[in-house]
Each structure stands twice: as C-alpha cells, then as structure tokens.
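Topology and contacts: notes
Chain residues, written in single-letter form:
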Amino acid sequence: MSSQPASRRTVLCGAALAGAAGLGAVACSAGGGDAKAPATPTAPVDLGAADAVPAGGAKIYREDRVVVARDADGAYTAFSAVCTHAGCVVDAVEDGKISCSCHGSQFDARTGKVLQGPATRPLPAVPVTAKGGKLVAGPDA
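Residues numbered from 1 in each chain as written. Predicted model: local features only at pLDDT ≥ 70, side-chain atom pairs only at ≥ 80, totals over all residues. Heavy atoms only, no water.

1. Examining the state of the cysteines
On inspection of all chains with the given rule, the structure shows 1 disulfide. Here cysteine 83 is not cross-linked by a disulfide; its sulfur's nearest cysteine counterpart is in cysteine 100, at 4.0 Å. When its relative accessible area of 5% is taken as the criterion, cysteine 83 is described as buried. (Disulfide = S-S within 2.5 Å. Buried < 20%, exposed > 50% of the residue type's maximum accessible area, 1.4 Å probe, protein only.)

Rendered as structure tokens:
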C-alpha cells in the first residue's frame, strides 16, 4: 500500500465517474416520471370541456396525470396516466389502447387493464364526472 497522495488526474477521474453514476441513477429511478408527484389526483381537478374527449375515444391530460375515456353512450371513465411499470406518464391513446413509450406497456382505455407488458398492474381508476359541460377528475369528482 502506497502512502503517496492521489494524483490530480486520479481525483478528477474519480469525481467524474461518481457524477456520471449519479446522473444515471437519477435518469433511471423514476422512468421519466416525477417521483414526488402522486399517481392520481389528490384533489378535484378541472380538466376543461367535457366534449374534448370524443365519444368512443380517450384523451390524455399529461399535466394532471389523468387519462379520460368516453364510451359511445357518453359515459366517462378515468385512470392515472402514470404507467405502473416505471412511473412514466403515458403518451398516446389510439384504437382503444393507452401506450407508454418508455418500455412499451399498453393498457385498455376503457378498463385500465394491462394489454401488453412489461407493466403487470392496471392503471389506477380515478373518479371523473361531467358537470355543466366540464370534466372534473379526482376525489369528490
């Protein structure tokens, strides 16, 4: 064992490697999601016009972390937009499927059930109502 102090190069290389490892851990830890934000609204959220969700379709409200679907009869259902695999916010709804591009998980837009993994748990349901032409999601909605 040497009692010589570490060279400047050794110290700088060690610091760079530690920094890179830390950035990698941060980038992978939440899967692109905000680890501090809850998966479902904790208070009622006004999503805007109810007719923004087409009959027989669905819409993602990314900032509110909610996906709202509307059946052909006009009934609304809502789910968390936070993928149950790694916490990414889902990014597409097409042909009745909610998709997460982080790792390829897909969910049924009417039920929130997993259609394709790696996710194994369904999207959590979120209460939603249409009041006065506006959609409100979250507790007491």
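2. Observations concerning the sheet that holds strand β8 (residues 114–116)
Reading across from one edge, β5-β6-β7-β8 is the order of the 4 strands in this open sheet, with antiparallel pairing throughout. The open sheet has two free edges, formed respectively by β5 (92–94) and β8, since each of these has just one partner strand. Averaged over all pairs of adjacent strands, the angle between their axes in this sheet comes to 30°, without regard to strand direction. As judged from the 3 bridges shared by β5 and strand β6 (residues 97–99), these two strands associate in the antiparallel manner. Across the sheet, the residue bridging to valine 93 is isoleucine 98, located in β6. (Pairing = 2+ DSSP bridges. Helix = DSSP H or I, 4+ residues; strand = E, 2+ residues; numbered from the N terminus. Axes fitted to C-alpha atoms, helices over the stretch in contact; angles between N-to-C directions.)

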